[in-house]
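What the coordinates show
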Amino acid sequence: GETILQGIADGSVYIFHDNAEKLATTSTGIDVTGTATMDGLTVKNPNVSGEQTILKIENAVNTGAIGKITFNQTDDRMGISNESSGSLSFDTATLERLNIAANGDISFYEDTGTTAKLFWDASAESLGIGTSSPNESLHVYNAAANVLANFESGDAKAFISFKDNSTTNTDTVFLGADGNNMAFYAGSASSERMRIDSSGNVGIGTSSPAKPLHINSG
């Protein structure tokens, strides 16, 4: 008395398991009720060119809810889902790690998956490290540390260069470390103008200041 296979003239074909419908053909393809287990899956539309939807994952109970792809062995180890706001979320161990919002904002989360600690503000074109409200092109914040950033070079000297849109590379101003001394350069990385040595002496026109302020005019 149970239906196993049913075919409707000019309509669908239905396949049942224990009298429960599991697969049905439609005018556009097939509908699967339940879980489809397969060795592999290739999705393509060879007849239409340009951008198009070839795979759609939807919550059938609530079409406004999250649709999620999960990769796991024994638990929910990694998932990709879309939020109702139109954002795309990437999760590991059931915790959110990356979120790409519909407006282009990108958030990378800390270990608990609750607070964005690396944030790209798409409209302001600003990057926040330790803050999700960057107010400059680069905004670094740490509530506990005194040292906010560390720039390290494998060379004997390490520099940060500053230039505006009217200067050339030869007109760049450099601030950097020469050993354990702070050096200021202008014009090129070889034209030192001032330094503060490890003793706190300031040298202008000399790289070996002998007093708290040592000026050498030549």
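First, a word on scope: everything that follows refers to the structure included in this document. It should be emphasised that the depicted structure is a prediction, and the values quoted were computed from it without experimental measurement.

The number of helices and strands found in the protein is zero helices and 18 strands. Residues classed as buried in the protein amount to 17% of the 218 residues present. Taking contacts inside the protein between residues at least 6 apart in sequence as the whole, the part at least 24 apart equals 1%. Element-wise, carbon and sulfur atoms account for 51% of the exposed surface of the protein, whose accessible area totals about 15800 Å².

Now for a nonpolar patch on the surface. Among the surface-exposed residues, Ile-4, Leu-5, Val-13 and Ile-15 lie close enough to one another that they form a single nonpolar patch of about 390 Å² accessible area. By the secondary structure assignment, Val-13 is in strand β2 (residues 13-17). Its relative accessible area of 35% is what places Val-13 among the partly exposed residues.

In this structure the tally under the stated criterion is two aromatic pairs. With a centroid separation of 5.9 Å and 70° between ring planes, the pair formed by Phe-159 and Phe-174 is classed as edge-to-face. In this pair, Phe-159 is assigned in strand β13 (residues 157-162) and Phe-174 in strand β14 (residues 173-178), connecting sequence segments 15 residues apart. Note on Phe-159: relative accessible area 29%, which makes it partly exposed.

What follows is about the sheet that holds strand β15 (residues 181-186). Strand order in the open sheet made by the six strands is β13-β14-β15-β16-β17-β18, with mixed pairing throughout. Pairing within the sheet leaves two strands with one partner each, and these edge strands are β13 and β18 (213-215). Adjacent strand axes in the sheet meet at a mean angle of 15°, parallel and antiparallel pairs treated alike.

The next subject is the pairing of β14. Across the two faces of β14 the burial differs, with Phe-174, Gly-176 and Asp-178 buried and Val-173, Leu-175 and Ala-177 not buried at all. Looking at chain direction, β13 and β14 are connected through six bridges and run antiparallel. The residue bridging Phe-162 from the neighbouring strand is Val-173, located in β14. Of the strand pairs in this sheet, β14 and β15 are connected by six bridges, and their pairing is antiparallel. Paired with Leu-175 across the two strands is Phe-184, which belongs to β15.

This part is about the pattern of salt bridges. Should their charged atoms come close, side chains of opposite charge can pair. In this structure the tally under the stated criterion is three salt bridges. The shortest N-O distance in the salt bridge between Asp-178 and Arg-195 comes to 2.8 Å. Note that Asp-178 is positioned in strand β14 and Arg-195 in strand β16 (residues 192-196), a separation of 17 residues in sequence. In terms of burial, Asp-178 and Arg-195 fall into one category: buried. Here Glu-192 and Arg-195 are joined by a salt bridge, their closest N and O atoms 2.7 Å apart. The structure contains a network of salt bridges with shared partners spanning Lys-157, Asp-178, Glu-192 and Arg-195.

Criteria and thresholds
Residues numbered from 1 in each chain as written. Predicted model: local features only at pLDDT ≥ 70, side-chain atom pairs only at ≥ 80, totals over all residues. Heavy atoms only, no water. Helix = DSSP H or I, 4+ residues; strand = E, 2+ residues; numbered from the N terminus. Buried < 20%, exposed > 50% of the residue type's maximum accessible area, 1.4 Å probe, protein only. Contact = heavy atoms within 4.5 Å. Areas by Shrake-Rupley, 256 points an atom, 1.4 Å probe, with all protein chains shown as cover. Patch = residues over 30% accessible without salt bridge, like charges linked within 9 Å, V, L, I, M, F, W, Y side chains within 5 Å. Salt bridge = Lys/Arg side-chain N within 4 Å of Asp/Glu carboxyl O. Phe/Tyr/Trp six-rings, centres within 6.5 Å; stacked < 30°, edge-to-face > 60°. Pairing = 2+ DSSP bridges. Axes fitted to C-alpha atoms, helices over the stretch in contact; angles between N-to-C directions.

Nothing here speaks to function; it is geometry throughout.
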